[in-house]
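Notes for the structure review
If you want the building blocks of each chain, they are given just below.
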Amino acid sequence: MGLLDDLISKYAQADLAAIFTKVGIKGDKISEINRQILKEATLAQWLLESGRAASELAIKGNNFAGLKWRTPDMMGFAEPLKIKVPSEQESVEFCQFIDVEAFIVGYWKFLTRSPYKGLEEHTNTPENFLGFLRAKGFSTDPNYVSKVVRLLPEAQRLLTNNSVAVLASPTAVEQLQILRAPQEVAAGQIFSMEGVARLTDKGRVVSVMIDDRFPASDVTIGEDGKWRMNFVFNQAGDRTMLLAIDDQSLELKFKVILGVSQQNESTASKTEARVIQLTGSVGVGGVNKPEDVQAVKARLHELGYTWVGDPNTTSFDRGLYDAIRLFQSIIAGRSTINGDGRVDVDGTTHRWLQADNAPKWVTMPESQPQNGLINGELADINDKHDFGTHWLAETIQAIAEDYQNTYRNTRPSAAPFAINDVSLPHGGDTPDHHGHETGLMCDVFLPRKDGKFGGIDFNSADYDQDAARAILKSIRKQKLVRGNAVFFNDPTLVGEGLCQPLGGHHHHIHFEINPPARS
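In short, a report on the structure. Here the structure is a predicted model, which means the values were calculated and not measured. (Residues numbered from 1 in each chain as written. Predicted model: local features only at pLDDT ≥ 70, side-chain atom pairs only at ≥ 80, totals over all residues. Heavy atoms only, no water.)

With that settled, consider the overall build of the protein chain. Within the protein chain, the secondary structure is distributed over 16 helices and 19 strands. By the burial criterion, 52% of the 519 residues in the protein chain qualify as buried. Across the protein chain, contacts joining residues at least 24 apart in sequence account for 63% of those joining residues at least 6 apart. Per element, the accessible surface of the protein chain, about 23,000 Å² overall, is 48% carbon and sulfur. In the protein chain, 54 side chains carry a positive charge and 66 a negative one; their mean positions are 2 Å apart. (Helix = DSSP H or I, 4+ residues; strand = E, 2+ residues; numbered from the N terminus. Buried < 20%, exposed > 50% of the residue type's maximum accessible area, 1.4 Å probe, protein only. Contact = heavy atoms within 4.5 Å. Areas by Shrake-Rupley, 256 points an atom, 1.4 Å probe, with all protein chains shown as cover. Lys, Arg positive; Asp, Glu negative; His and termini not counted. Charge placed at Lys NZ, Arg CZ, Asp CG, Glu CD.)

Here it is in structure tokens:
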């Protein structure tokens, strides 16, 4: 067996969770799918660094990553080897490993050194991990990440060929089978799945259905009977995927969790029921007993309407009045502010304040380029229409997920789902729009044929009508979206029943949502 074959074979069978425990990496922060991402990214890295195991350092030192000798960190894992390599002007001490297994363990030990502290938080995509390494000095090549990423398909294929062979052979299978798929993934994280079908089914299409209601991009079975697909869930929870071809079907179940950074964001979007005891009305013309005012202020502040002021005080001012009116307009599903500014005991506003799905006021989701979501509004520091309800934020995430999975996964050069204006920081009147006051509506940039977005209208030569059609279909699938409030003036798409015309909507798509049922 050649050196490269030995490396691939040993790494394909390596248990990264056990290695992380051995060297001191916080493995509990790295999910199963993230470990697979790391395995693929690092093998691609080693292919580049070692010239596919042909470098002198790889041959003499079983060192496939250009790891330099570091005392005392690498003592007990490697020995120093002084050698001249092309990237150095003179001989330098590198790590020499006794064999391939020692290198695999030693590589991860190398990354426990202080410069790489926090590595566990950068494992959700190859680009994130490799970008972290480069930023910490692993490489000075400005194109390092892109060079490694270009080798990812090769690394994935090599690992698959070495890990799948013992599981199934297309000549032996009688129906669809899964060869590799994670059981747990982070929301917003692209992951890969691989499977096998009968050789007689080569070239045929496998349909994909998510949660029994959302169709995703079909998958084509290869000439060797194997199939592969990338996917992303943007919403956490227990999710299902049904793969089917004729009378064959295969159901996969996934636990989709929030990543570390998303857990903080989820605090801003997750609400819980609260019992708010009121002895009298609060607001304009209300009784406004101090303990009642404080209870309403505290709940609104908890929900993100922070301009009510200090939640521990009993004062009633314009901020509380404005917040109550905005809250009332939201739960009524209005596009403009129109509430009486008073919370009556056991009235609609009081009941909604106590609901576990009471509307939180949040910043809209940040861009996730790798998952096809771009928040162009957040990127514009001169515009503040970045805020709205958590209901809308979750709908935006769901639209991006559906568009990614039903369209962009098979057309990676297509423009992303790019959002623009929602509402101002405290809601209310905005000179830029009629409406957009209550965080229930969103504007969407038009997709371009060059993969970019915005700066065009539906008559422009650069306008990508197919992508716009896919975006509109993904919008209309969402249960909270108002079917009669999806506006865009492309006459072809209007004729297809995907949108309605409205003045001023020739250069963007506009959609609105309804409040959910109170729970």
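Alright, that's what it looks like, and here's the rest.
Here we have five strands laid out as an open sheet, ordered β4-β10-β9-β6-β7, and mixed in their pairing. Two strands close off the open sheet at either side, each with one partner strand: β4 (184-186) and β7 (214-220). On average, adjacent strands in this sheet sit at an angle of 30° to one another, irrespective of strand direction. In the sheet, β4 pairs with strand β10 (residues 248-257) via three bridges, with the strands oriented parallel. Across the sheet, the residue bridging to A186 is I257, located in β10. Here helix α14 (residues 390-408) sits on the sheet in contact with β7 and β9 (237-245), set at roughly 30° to β7. (Pairing = 2+ DSSP bridges. Axes fitted to C-alpha atoms, helices over the stretch in contact; angles between N-to-C directions.)

Now for the pattern of salt bridges. A complete count under the given rule lists 23 salt bridges for this structure. Measuring nitrogen to oxygen at the nearest pair gives 2.8 Å for the salt bridge that ties E512 to R482. Within this pair, whereas E512 is found in strand β19 (residues 508-513), its partner R482 is found in strand β18 (residues 481-487), the two being separated by 30 residues in sequence. Grouping residues by exposure puts E512 and R482 together as buried. (Salt bridge = Lys/Arg side-chain N within 4 Å of Asp/Glu carboxyl O.)

Once that is clear, we can look at the nonpolar core. Grouped together as the largest cluster of nonpolar side chains are 61 residues, with contacts concentrated most on V296, L300, Y305, I396, F417 and F511. If you tally residues by element for this core, the top one is α14, at eight residues. Listed in part, the 52 residues of the second largest apolar core include W46, A78, F103 and I104. (Core = buried A, V, L, I, M, F, W, Y, C linked by side-chain atoms within 4.5 Å.)

A word on the environment of E223. Summarising the element assignment, E223 is placed in the loop between β7 and β8 (226-231). Linking E223 and N234, residues 11 residues apart in sequence, is a C-alpha distance of 32 Å. In this view, E223 contacts L199 and K202; residues no more than four positions away in its chain are not counted.

What follows is about the sheet that holds β8. Sheet strands pair by backbone hydrogen bonding; their relative direction is either parallel or antiparallel. Across the sheet, which stays open at both edges, the three strands sit in the order β3-β5-β8 with antiparallel pairing between neighbours. Two strands in the sheet have a free side with no partner beyond their single neighbour: β3 (177-180) and β8. Here the average twist between neighbouring strands, direction ignored, is 35°. Looking at chain direction, β3 and strand β5 (residues 191-196) are connected through three bridges and run antiparallel. Residue pairing across strands places Q177 opposite V196, the latter belonging to β5.

If you trace the backbone, S139 turns up in the loop between α6 (126-135) and α7 (144-149). Take S139: its relative accessible area is 12%, and that puts it in the buried class. At 3.1 Å, the side chain of S139 and the backbone nitrogen of D141 are in polar contact. (Polar contact = N/O pair within 3.5 Å; in protein donor to acceptor, adjacent residues only side chain to side chain.)

The subject of this paragraph is the packing of helix α2 (residues 16-23) against helix α5 (residues 100-110). Close contact between α2 and α5 brings their axes to 9 Å; oriented N to C, the two are set at 55°. Compared by their axis directions, α2 and α5 come out oblique. You can see that α2 and α5 cross each other, and the crossing is right-handed. Of α5, the residues touching α2 (which contributes L16, I19, F20, K22 and V23) are I104, V105, W108 and K109. Broken down by class, the residue content of the contact of α2 with α5 amounts to seven nonpolar, no polar and two charged. (Parallel < 35°, antiparallel > 145°, perpendicular 65-115°, else oblique. Left-handed = near helix turned anticlockwise from the far one by under 90°. Nonpolar A, V, L, I, M, F, W, Y, C, P; charged D, E, K, R; others polar.)

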